[in-house]
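Structural overview for review
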Amino acid sequence: MSAERMQRLTFIVAGDPAQRTGGYLYDAHIVTQLRHGGWQVEVIGLAGRFPDADEVARDALRATLSSLADDSLVVIDGLALGGLPETVAPTRSGCA
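This text gives an overview of the structure that appears in the document.

Rules behind the numbers
- Residues numbered from 1 in each chain as written.
- Predicted model: local features only at pLDDT ≥ 70, side-chain atom pairs only at ≥ 80, totals over all residues.
- Heavy atoms only, no water.
- Helix = DSSP H or I, 4+ residues; strand = E, 2+ residues; numbered from the N terminus.
- Buried < 20%, exposed > 50% of the residue type's maximum accessible area, 1.4 Å probe, protein only.
- Contact = heavy atoms within 4.5 Å.
- Expected span 1.5 Å × (residues − 1).
- Arc of directions from axis to C-beta.

Digging into the overall build of the protein chain
Scanning the protein chain from terminus to terminus reveals 5 helices and 3 strands. Going residue by residue from the N terminus, the α and β elements of the protein chain occur as α-β-α-β-α-β-α-α. Going through the 96 residues of the protein chain one by one, you find that 32% of them count as buried. Across the protein chain, every contact between residues at least 6 apart in sequence was considered, and the portion connecting residues at least 24 apart equals 68%.

Observations regarding helix α2 (residues 22–36)
Look at α2: 21 Å from first C-alpha to last across 15 residues, which is about the 21 Å you get at 1.5 Å a residue. Burial in α2 covers these residues: Y24, D27 and V31. Projection of α2 onto a plane perpendicular to its axis shows the buried side chains occupying an angular sector of 60 degrees, all on one side. Away from the buried face of α2 by more than 90 degrees, exposed residues G22, Y26 and H36 are located. Here the buried face of α2 lies against β1 (8–14), β2 (40–46) and α4 (78–82).

Let's talk about the environment of L79
Along the chain, L79 falls in helix α4. Given the relative accessible area of 34%, L79 is considered partly exposed. Remark: the alpha-carbon pair of L79 and P51, spanning 28 residues in sequence, is separated by 5.9 Å. Excluding residues that lie within four positions of it along the chain, L79 makes contacts with A14, Y24, F50 and P51.

Bear in mind that shape data such as this cannot, by itself, settle questions of function.
Okay, structure coming up:
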């Protein structure tokens, strides 16, 4: 993987990433620090209901993941991933 590819990250959150609540502020802090460290970070907010994910949320995550290159580095916030683990499993390898 090239150094340029290593510096790109997609950060997926449940709902609007601009929300001013604890978890979203924490995510924003992580993104800010990554950007200060030279990373290019794209933040994607998923439509739908969380944490009890609905079909809109499942479709949003499926569409987001399928739009990414196979070698993309992706972080999925726990609120989004917690309700949709079965959606992620068939689409990605190397999850940690």
